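Tertiary structure, described
Next come the chains, spelled out residue by residue.
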Amino acid sequence: ARIAAGRARAASFSWTTCAAGLLEAFPSASVFGIPIRCETMAAALARIAAARDAEHPKFFAFVNAHCLNLACEDAAYAAILKSCDCVWPDGTGVRMAGRRLGFPVPENVNGTDLFPRLTGRVFLYGAAPGVAERAAENIRSQHPQMTVVGTADGFGDERAVIDAVNRVRPDILLVAKGVPRQEKWIAAHLGELKCGCAIAVGGLFDFVSGRIPRAPLWMRRLGIEWLYRLKCEPVRMFRRYVIGNPLFLWRVKKSSRGGVQ
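These remarks concern the structure in this document. (Residues numbered from 1 in each chain as written. Predicted model: local features only at pLDDT ≥ 70, side-chain atom pairs only at ≥ 80, totals over all residues. Heavy atoms only, no water.)

**Quick notes on the overall build of the protein chain**
Formally: Counting from the N terminus, the helices are DSSP H or I runs at least four residues long and the strands are E runs at least two residues long. Only protein chains enter the accessibility calculation, which uses a 1.4 Å probe; a residue is then buried when its area is under 20% of its type maximum, exposed when over 50%, and partly exposed in between. What makes two residues a contact is simply this: any of their non-hydrogen atoms within 4.5 Å. In these tables, accessible area is a Shrake-Rupley quantity obtained with a 1.4 Å probe, and a residue counts as shielded only by the protein chains included in the view.
Within the protein chain one finds 14 helices and eight strands. Put simply, the protein chain has 261 residues, and 48% of those count as buried. Within the protein chain, counting contacts between residues at least 6 apart in sequence, those at least 24 apart form 72% of the total. Carbon and sulfur atoms make up 55% of the accessible area of the protein chain, which totals about 13000 Å².

Structure below.
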């Protein structure tokens, strides 16, 4: 009788129930009206894995200070972020906003650090011609827990891309078309995509392919990777960081006083 009771008790601890409990343990917060899920990397991975069994594809995104600045200026992009199934905090700026606005950010859940921990069948869509293919080659040699089932650059026929995705039905569709184009593309086509989830990943393929190097680990741990990116691409990143970061902090300060919606 005790053995039967033990088996019945063990049966209640399924992956689904455990994952659901984990995901509900982390609260949502808001920056400039954009809901942000303050959870760990492990919880984010569990959320992505659970999407494989969902009836409809899920839409996940990341936001950093630059994204939130754009959301203040682009109402359509802001509305899309509000409609996402989950938006994760990426970077020191969002963590600083959390301290100012009164919510904890337990971990920097960014796409580049999350990516190597993904599992399952993935489709890479976006970036310049040839970049997704080089990224796929590196994935096959360095991340055997992932299977690349298709690639497409960000400049081809969009209908052909959708058809290619739907033929292979990946667990994860990674879309790297830049903010906010990638989020707008996913929002426009999510209803016709056959995948577990679509994730907006920005410049991820550039890093995975080796086209752009990442900052040294010590800089990433200190939360100053943006300084390295500014050094590597000063012209492109000047407005984002030198102008954008102070603007973001000003908006956070104003928001804490009820001035930014």
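Still more to cover.
**Notes on the packing of aromatic side chains**
Rules: The criterion for an aromatic pair is that two Phe, Tyr or Trp rings (for Trp, the six-membered ring) have centres within 6.5 Å, with stacked assigned to planes under 30 degrees apart, edge-to-face to planes over 60 apart and tilted to the rest.
Applying the stated criterion across every chain yields a total of five aromatic pairs. When the centroid spacing of 5.7 Å and the interplanar angle of 50° are considered together, the rings of Trp226 and Tyr241 count as tilted. One end of the pair, Trp226, is in helix H13 (residues 225-232); the other, Tyr241, is in helix H14 (residues 234-256), and 15 residues separate them in sequence. The class for Tyr241 is buried, based on a relative accessible area of 11%. Taken together, Phe60, Phe62 and Trp88 form an aromatic cluster joined through their ring pairs.

**Side note on the pairing of strand S4 (residues 86-89)**
We count it as follows: Paired strands are those between which DSSP finds at least two bridges.
Where burial is concerned, the two faces of S4 agree: the one with Cys86 and Trp88 and the one with Val87 and Pro89 are both buried. Bridge count between strand S3 (residues 58-63) and S4: four bridges; the pairing is parallel. Its bridge partner lying in S4, Val63 is registered against Pro89.

**Looking at helix H3 (residues 41-50)**
Side chains of residues three or four places apart in an α-helix project in the same direction, reflecting 3.6 residues per turn. The element H3 is extensively covered by neighbouring structure, given that seven of its 10 residues are classed as buried. Within the sequence span of H3, burial applies to Met41, Ala43, Ala44, Leu45, Ala46, Arg47 and Ile48.

**Here's the deal with a nonpolar patch on the surface**
The cut-off we apply is this: Exposure above 30% relative accessible area and the lack of any salt bridge qualify a residue for a patch; like charges then connect within 9 Å, and the nonpolar side chains Val, Leu, Ile, Met, Phe, Trp and Tyr within 5 Å. Salt bridges are identified by distance alone: a Lys or Arg side-chain nitrogen within 4 Å of an Asp or Glu carboxyl oxygen.
A surface patch of nonpolar side chains, amounting to about 250 Å² of accessible area, comprises Phe238, Val242 and Ile243. Owing to a relative accessible area of 40%, Ile243 belongs among the partly exposed residues under this scheme.

**Points about empty space enclosed by the protein**
Threshold: The way it works is a 1 Å grid over only the protein atoms, where trapped points that fit a 1.4 Å probe form a cavity and open points with protein on both sides within 12 Å along at least five of seven lines form a pocket, and then any residue with an atom within 4 Å of a point lines it. Grid points are joined across faces, edges and corners, and a volume is the space filled by probe spheres set on the points. For this scheme, ten residues count as nonpolar: Ala, Val, Leu, Ile, Met, Phe, Trp, Tyr, Cys and Pro. Four count as charged, namely Asp, Glu, Lys and Arg, and the remainder, Gly too, count as polar.
For the structure on display, the rule yields one cavity of 30 Å³ or more. The volume enclosed by the largest cavity comes to roughly 30 Å³. Along its surface, the largest cavity is lined by Phe207, Ile212, Pro213, Tyr228, Arg229, Cys232 and Glu233. Here the lining of the largest cavity is composed, by residue class, of five nonpolar, no polar and two charged.

**Focus: the side chain of Glu183**
Basically, it comes down to this: Here the positive residues are Lys and Arg and the negative ones are Asp and Glu; neither His nor the chain ends is included.
Along the polypeptide, Glu183 turns up in helix H10 (residues 181-189). Buried Glu183, no salt bridge; nearest opposite-charge side chain is Lys184, N-O distance 8.6 Å. Setting aside chain neighbours within four positions, we find Glu183 in contact with Phe59, Tyr77, Ile80, Leu81, Gly178 and Ala200.

**Let's talk about the sheet that holds strand S5 (residues 120-126)**
Selection criterion: The angle between two axes is taken between their N-to-C directions and runs from 0 to 180 degrees, where each axis is a line fitted to C-alpha atoms and a helix contributes only its stretch in contact.
Strand order in this open sheet of six strands is S4-S3-S8-S7-S5-S6, and the pairing throughout is parallel. Looking at the sheet topology across the chains shown, the edges are occupied by S4 and strand S6 (146-152). For this sheet, the mean angle separating the axes of adjacent strands, direction not counted, is 20°. Taken together, the three bridges between S3 and strand S8 (residues 197-200) define a ladder with parallel strand orientation. Across the sheet, residue Phe59 finds its bridge partner in S8, namely Ala198.

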